[in-house]
Amino acid sequence: MPFVNILRNILAMIGALAIIAGLAGFVAAQNFLGKLDPEAPAMYTEFAKRYMENLDPAVAMVRKVRVEDGLSIDDVIDSMKSLAAGHNMLYVGDAPFSRQVEAVTGEPYRYVNFLSFCDVGVGAMMADYDNAYTAFMPCRIALVEDNDGTLWLQMMDLDMMIYGGKPLPPDLRKGALWVSATLNDILEGAARGDF
């Protein structure tokens, strides 16, 4: 019987330690979550869902819209520039990747171009908040032709930058939300050829 009593006491101690560890973990998780932006749990849940569908983090971090049939590359670019101007967002240039591939390889390549947009005020707030945010600037929308000739507009989903950590200062958050919404309007509108 003494062995059974010793075993029971050991198991009771293990159970008590497990409960204490679980409570400590719960308190630590609550403390951590309390430091995040209130929208972080929903944003990470949505990101995880997209990730699990594709098992590709790049796909999960990108907004993608198919360009309507009948629109040319020039139509889409003109639409993007017009929509940006209408939102007071600067078009700051492009990087025609397909031309660079062709120059290096000497072979034709499908159309890929990165168009860049910026709001100087929000950009300055981001840079002043943390230099790491300059890696998100300028904001880019890729115009990509897939292998069957279909055109797509793609951009990084800025939700992780906006909601993924500690709350941004109110002015920066407001500006970042405006930039994200404006880029999404450009993405959606240009896919239809709006002006």
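Everything numeric here is computed off the predicted structure, so don't read it as measured data.

**Regarding the sheet that holds strand β1 (residues 62-66)**
Right, so step 1: The five strands are arranged β1-β5-β4-β3-β2 in an open sheet whose pairing can be described as antiparallel. Edge strands, defined here as strands with exactly one partner in the open sheet, are β1 and β2 (90-95). Averaged over neighbouring strand pairs, the angle between their axes works out to 25° when direction is ignored.
Right, so step 2: Across the sheet, helix α8 (residues 170-192) lies against β1, β3 (112-118), β4 (139-145) and β5 (151-156), angled at about 175° from β5, the strand it touches most.

**Some points on unusual backbone geometry**
Trans peptide bonds make up the majority, and among non-glycine residues the majority have a negative phi.
Right, so step 1: That bond from Met137 to Pro138 is cis: its omega, -15°, falls within 30 degrees of zero.
Right, so step 2: Take Pro138: it is sitting in the loop between α6 (120-129) and β4.
Right, so step 3: One non-glycine residue with positive phi stands out, namely Leu55, at about 55°.
Right, so step 4: Residue position: Leu55 is located in the loop between α2 (40-54) and α3 (57-60).
Right, so step 5: A residue is classified by how much of its surface remains accessible, and Leu55, at 61% relative accessible area, is exposed.
Right, so step 6: We note that Asn88 has phi near 60°; this positive angle belongs to a residue other than glycine.
Right, so step 7: Take Asn88: it is sitting in the loop between α4 (73-86) and β2.

**Overview of a nonpolar patch on the surface**
Right, so step 1: There is a patch of nonpolar side chains on the surface, built from Tyr44, Met61, Val62 and Met160 and spanning about 290 Å² of accessible area.
Right, so step 2: Position of Met61 relative to the elements: it lies in the loop between α3 and β1.
Right, so step 3: Of the residues examined, Met61 reaches a relative accessible area of 34% and is grouped as partly exposed.

**Quick look at the nonpolar core**
Right, so step 1: Grouped together as the largest cluster of nonpolar side chains are 34 residues, with contacts concentrated most on Met80, Phe117, Ile141, Leu143, Leu153 and Leu183.
Right, so step 2: Those elements that place two or more of their residues in this core are α4, β3, α6, β4, β5, α7 (159-163) and α8.
Right, so step 3: With eight residues, α8 is the single largest residue contributor to this core.
Right, so step 4: Those residues within four positions of Leu183 in sequence are excluded, and the remaining contacts are Phe117, Cys139, Ile141, Met155 and Leu158.

**Section: the side chain of Asp37**
Right, so step 1: As for its placement among the helices and strands, Asp37 is situated in the loop between α1 (2-35) and α2.
Right, so step 2: For Asp37, a relative accessible area of 2% translates into the label buried.
Right, so step 3: Residues in contact with Asp37, not counting those within four places in the same chain, are Ile162, Tyr163, Gly165, Lys166, Pro167 and Arg173.

**A closer look at the packing of aromatic side chains**
Right, so step 1: This structure, assessed with the given rule, holds five aromatic pairs.
Right, so step 2: Here Phe97 and Phe114 contribute two aromatic rings whose centre-to-centre distance is 5.9 Å and whose plane-to-plane angle is 50°, an arrangement assigned as tilted. One end of the pair, Phe97, is in helix α5 (residues 97-105); the other, Phe114, is in strand β3, and 17 residues separate them in sequence.
Right, so step 3: An aromatic cluster is built from Phe97, Tyr109 and Phe114, whose rings are joined through pairwise contacts.
Right, so step 4: Positioned over the ring face of Trp152 is Lys64, at 4.3 Å from the centre of the ring.

**Points about the environment of Pro57**
Right, so step 1: For Pro57, the position within the fold is in helix α3.
Right, so step 2: A residue is classified by how much of its surface remains accessible, and Pro57, at 41% relative accessible area, is partly exposed.
Right, so step 3: In this structure, the C-alpha to C-alpha distance between Pro57 and Phe47, residues ten residues apart in sequence, is 8.7 Å.
Right, so step 4: Look past the residues within four positions of Pro57 in its chain and what remains in contact with it is Phe47 and Tyr51.

Thresholds, definitions, all that
Residues numbered from 1 in each chain as written. Predicted model: local features only at pLDDT ≥ 70, side-chain atom pairs only at ≥ 80, totals over all residues. Heavy atoms only, no water. Pairing = 2+ DSSP bridges. Helix = DSSP H or I, 4+ residues; strand = E, 2+ residues; numbered from the N terminus. Axes fitted to C-alpha atoms, helices over the stretch in contact; angles between N-to-C directions. Contact = heavy atoms within 4.5 Å. Buried < 20%, exposed > 50% of the residue type's maximum accessible area, 1.4 Å probe, protein only. Patch = residues over 30% accessible without salt bridge, like charges linked within 9 Å, V, L, I, M, F, W, Y side chains within 5 Å. Areas by Shrake-Rupley, 256 points an atom, 1.4 Å probe, with all protein chains shown as cover. Salt bridge = Lys/Arg side-chain N within 4 Å of Asp/Glu carboxyl O. Core = buried A, V, L, I, M, F, W, Y, C linked by side-chain atoms within 4.5 Å. Phe/Tyr/Trp six-rings, centres within 6.5 Å; stacked < 30°, edge-to-face > 60°. Lys NZ or Arg CZ within 6 Å of the ring centre and 35° of its normal.

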